[in-house]
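Survey of secondary and tertiary structure
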Amino acid sequence: ATLGETLLIPTRIYVKAMKSLKDAGIIVKGASHITGGGFYENVPRMLPDGKRAVIKKESYEIPPIFKLIQSTGNIEWEMMYNTFNCGLGMVMVIDPTQADAAVEAIRAAGDIPYIVGEIISGEKGVDLC
């Protein structure tokens, strides 16, 4: 796709994926739509006190548009993750015992899911590593 075509792609809506999870009996313990404010502002909103999200950046492919923005603008990756979703528009917390079923349900809804990290005890927040 051209740069213009890529920039005009509408915001993805996750209703079908969420409905598919519900229909499959998957319990979503938390969900965060990664919009303005990126990961650092949005992910902590879904966490209870005493819990921290650890997201592994290597667990999914960053779309080329974000790599272009980062390199052309000479933007530090921390700022990219603070401003953009870098390819992950929705982050959900699912019990590890339901992870495989959740991946299947999301695929059935037409989306591409990734297992990107875990929730640990600690100060409320997010680590991208």
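The model shown is predicted, which means the values in this text are computed figures rather than measured ones.

So, on to the pattern of salt bridges. Tallied over the full model, the rule gives seven salt bridges. Arg-45 is the partner of Glu-41 in a salt bridge, and the nearest nitrogen-oxygen pair spans 4.0 Å. Accessibility expressed as a relative area gives 41% for Glu-41, which makes it partly exposed. Taking the relative accessible area as the measure of exposure, Arg-45 reaches 59% and is therefore exposed.

Let us now look at the side chain of Ser-20. Secondary-structure assignment places Ser-20 in helix α2 (residues 15-23). Residue Ser-20 is classed as buried on the basis of its relative accessible area, which comes to 17%. A distance of 2.6 Å separates the side chain of Ser-20 from the backbone oxygen of Ala-105, its partner in a polar contact. Those residues within four positions of Ser-20 in sequence are excluded, and the remaining contacts are Ala-105, Ile-106, Ala-108 and Ala-109.

As a further point, take the packing of α2 against helix α6 (residues 99-108). Contact geometry of α2 with α6 gives a least axis separation of 8 Å together with a crossing angle of 135°. Classed by the angle they form, the pair α2 and α6 counts as oblique. Handedness of the α2/α6 crossing: right-handed. Note on element contacts: α6 touches α2 through Ala-102, Ala-105, Ile-106 and Ala-108, opposite Ala-17, Ser-20 and Leu-21. Across the contact of α2 with α6, the residue classes tally to six nonpolar, one polar and no charged.

Within the structure shown, the criterion is met by four aromatic pairs. Taking the centre distance of 6.0 Å and the plane angle of 45° together, the rings of Trp-77 and Tyr-81 count as tilted. In this pair, Trp-77 and Tyr-81 are both assigned in helix α5 (residues 77-83), four residues apart and thus about one turn of the helix distant. Overall, the relative accessible area of 2% leaves Tyr-81 in the buried class. Following the ring pairs from residue to residue traces out a cluster consisting of Phe-39, Trp-77 and Tyr-81.

Residues Phe-39, Val-43, Ile-55, Tyr-60 and Tyr-81 are the most contacted members of the largest nonpolar core, which totals 20 residues. Apart from the residues within four sequence positions on either side, Tyr-60 is in contact with Phe-39, Tyr-81, Asn-85, Cys-86, Gly-87, Leu-88, Tyr-114 and Val-116. If you look at the next biggest cluster of nonpolar residues, it comprises seven residues, including Ala-17, Leu-21, Ile-26 and Ile-94.

Here the focus is the sheet that holds strand β4 (residues 117-121). Taken together, three strands build an open sheet; the order of strands is β4-β2-β5 and the sheet is mixed. Looking at strand neighbours, the two that pair on one side only are β4 and β5 (125-128), the edges of this open sheet. Ignoring which end each strand starts from, the neighbouring axes of this sheet average 25° apart. Examined bridge by bridge, strand β2 (residues 51-55) and β5 share four bridges and lie parallel to one another. Bridged to Arg-52 within β5 is Gly-125.

Criteria and cut-off values
Residues numbered from 1 in each chain as written. Predicted model: local features only at pLDDT ≥ 70, side-chain atom pairs only at ≥ 80, totals over all residues. Heavy atoms only, no water. Salt bridge = Lys/Arg side-chain N within 4 Å of Asp/Glu carboxyl O. Buried < 20%, exposed > 50% of the residue type's maximum accessible area, 1.4 Å probe, protein only. Helix = DSSP H or I, 4+ residues; strand = E, 2+ residues; numbered from the N terminus. Polar contact = N/O pair within 3.5 Å; in protein donor to acceptor, adjacent residues only side chain to side chain. Contact = heavy atoms within 4.5 Å. Axes fitted to C-alpha atoms, helices over the stretch in contact; angles between N-to-C directions. Parallel < 35°, antiparallel > 145°, perpendicular 65-115°, else oblique. Left-handed = near helix turned anticlockwise from the far one by under 90°. Nonpolar A, V, L, I, M, F, W, Y, C, P; charged D, E, K, R; others polar. Phe/Tyr/Trp six-rings, centres within 6.5 Å; stacked < 30°, edge-to-face > 60°. Core = buried A, V, L, I, M, F, W, Y, C linked by side-chain atoms within 4.5 Å. Pairing = 2+ DSSP bridges.

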